[in-house]
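Here is how the chains run, residue by residue.
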Amino acid sequence: MTRDSRIAINNLPHLKHFRRTLRKNLTPAEAKLWNYLKGSKIDGRKFRRQHSVGVYILDFYCTSERLGVELDGEVHYNDWAREYDYERTLFLNSFDIKIIRFENRLVFEEIEFVIHQISSCFGWREDAGS
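Moving on, we get to the overall build of the protein chain. When helices and strands are tallied, the protein chain shows 7 helices and 4 strands. In sequence order, the protein chain lays out its α and β elements as α-α-α-β-β-β-α-β-α-α-α. Taking all 130 residues of the protein chain together, 42% fall into the buried category. Within the protein chain, residue pairs in contact and separated by at least 24 positions form 63% of the contacts whose partners lie at least 6 positions apart. Total accessible area on the protein chain stands at roughly 7,700 Å², and carbon and sulfur atoms take up 52% of it.

Encoded structure:
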């Protein structure tokens with residue numbers, strides 16, 4: 001897969017309004033985590049909110065690390081949602097994007113753990129031999 005084909009699937013124009021709406025209406029957990037991610041506060045890494053890859057919109061995405069961060073609320077706790085999340089992760093992995101997931105409650109109860117887990121994924125591509 002060439003770099004050009006990867007670019008063609010990022011932030012597709014027909015999802016622009018939806019992405020903008022999601023950014024304006026963050027969940028409480030997303031808003032809290034965004035306060036830690038914005039402004040390149042974690043090891044100088046820039047994160048984007050509501051970045052799309054194909055038809056999927058990631059809660060947070062670090063381009064330089066090819067790292068997606070997803071927050072899961074109660075809507076993710078059923079068989080259909082688990083299958084959807086699994087298929088979504090497989091799709092994103094096929095574009096060399098690592099996805100890490102956290103339950104919303106962890107953002108409120110253990111934010112330091114969440115931040116540590118995110119930063120521990122920096123460099124994952126080198127570790128994987130990419």
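It is worth spelling out the confidence of the model for the protein chain at this point. Looking at the protein chain, the pLDDT average stands at 88 and 88% of residues meet or exceed 70. Highest mean pLDDT in the protein chain belongs to helix 6 (residues 111-120) (98); lowest belongs to helix 1 (residues 3-7) (48). For residues 1-6, every residue scores under 50 in pLDDT, and the model assigns this stretch 6 contacts once sequence neighbours within four places are set aside.

This part covers the nonpolar core. Leu33, Leu37, Phe47, Phe60, Val69, Phe102 and Ile118 are the most contacted members of the largest nonpolar core, which has 21 residues in total. For this core, the secondary structure elements donating two or more residues are helix 3 (28-37), strand 2 (56-62), strand 3 (67-72), strand 4 (98-103), helix 5 (104-109) and helix 6. Beyond its immediate sequence surroundings of up to four residues, Phe60 is in contact with Glu30, Leu33, Trp34, Leu37, Phe47, Arg48, Arg49, Leu67, Gly68, Val69 and Leu71.

It is worth spelling out the pattern of salt bridges at this point. Scanning the model with the defined rule gives 7 salt bridges in all. Where Glu65 meets Arg45, a salt bridge forms, and the shortest distance between an N and an O atom there is 2.8 Å. With Glu65 in the loop between strand 2 and strand 3 and Arg45 in the loop between helix 3 and strand 1 (48-53), this residue pair connects regions lying 20 residues apart in the sequence. Overall, the relative accessible area of 10% leaves Glu65 in the buried class. Using a relative accessible area of 22% as the deciding quantity, one classes Arg45 as partly exposed. Here Arg125 and Asp96 are joined by a salt bridge, their closest N and O atoms 2.9 Å apart. Here Arg125, found in helix 7 (residues 124-127), pairs with Asp96, found in the loop between helix 4 (79-93) and strand 4; they are 29 residues apart in sequence, far enough to count as distant. Classification of Arg125 as partly exposed rests on a relative accessible area of 25%. Overlapping salt bridges, with partners in common, bring together Asp72, Asp85 and Arg101 in one network.

When you line up the elements, Thr89 lands in helix 4. Linking Thr89 and Ile100, residues 11 residues apart in sequence, is a C-alpha distance of 9.2 Å.

As a packed pair, helix 3 and helix 6 sit with axes 11 Å apart at the nearest point and diverge in direction by 55 degrees. Between helix 3 and helix 6, the interaxial angle falls into the category oblique. In the crossing of helix 3 with helix 6, the sense of the turn from one axis to the other is right-handed. Every residue of helix 6 that contacts helix 3 at Lys32, Leu33, Tyr36 and Leu37 is listed here: Ile111, Val114, Ile115 and Ile118. When grouped by side-chain class, the residues that make up the contact of helix 3 with helix 6 number 7 nonpolar, no polar and 1 charged.

Definitions and limits used
- Residues numbered from 1 in each chain as written.
- Predicted model: local features only at pLDDT ≥ 70, side-chain atom pairs only at ≥ 80, totals over all residues.
- Heavy atoms only, no water.
- Helix = DSSP H or I, 4+ residues; strand = E, 2+ residues; numbered from the N terminus.
- Buried < 20%, exposed > 50% of the residue type's maximum accessible area, 1.4 Å probe, protein only.
- Contact = heavy atoms within 4.5 Å.
- Areas by Shrake-Rupley, 256 points an atom, 1.4 Å probe, with all protein chains shown as cover.
- pLDDT = per-residue confidence, 0-100.
- Core = buried A, V, L, I, M, F, W, Y, C linked by side-chain atoms within 4.5 Å.
- Salt bridge = Lys/Arg side-chain N within 4 Å of Asp/Glu carboxyl O.
- Axes fitted to C-alpha atoms, helices over the stretch in contact; angles between N-to-C directions.
- Parallel < 35°, antiparallel > 145°, perpendicular 65-115°, else oblique.
- Left-handed = near helix turned anticlockwise from the far one by under 90°.
- Nonpolar A, V, L, I, M, F, W, Y, C, P; charged D, E, K, R; others polar.

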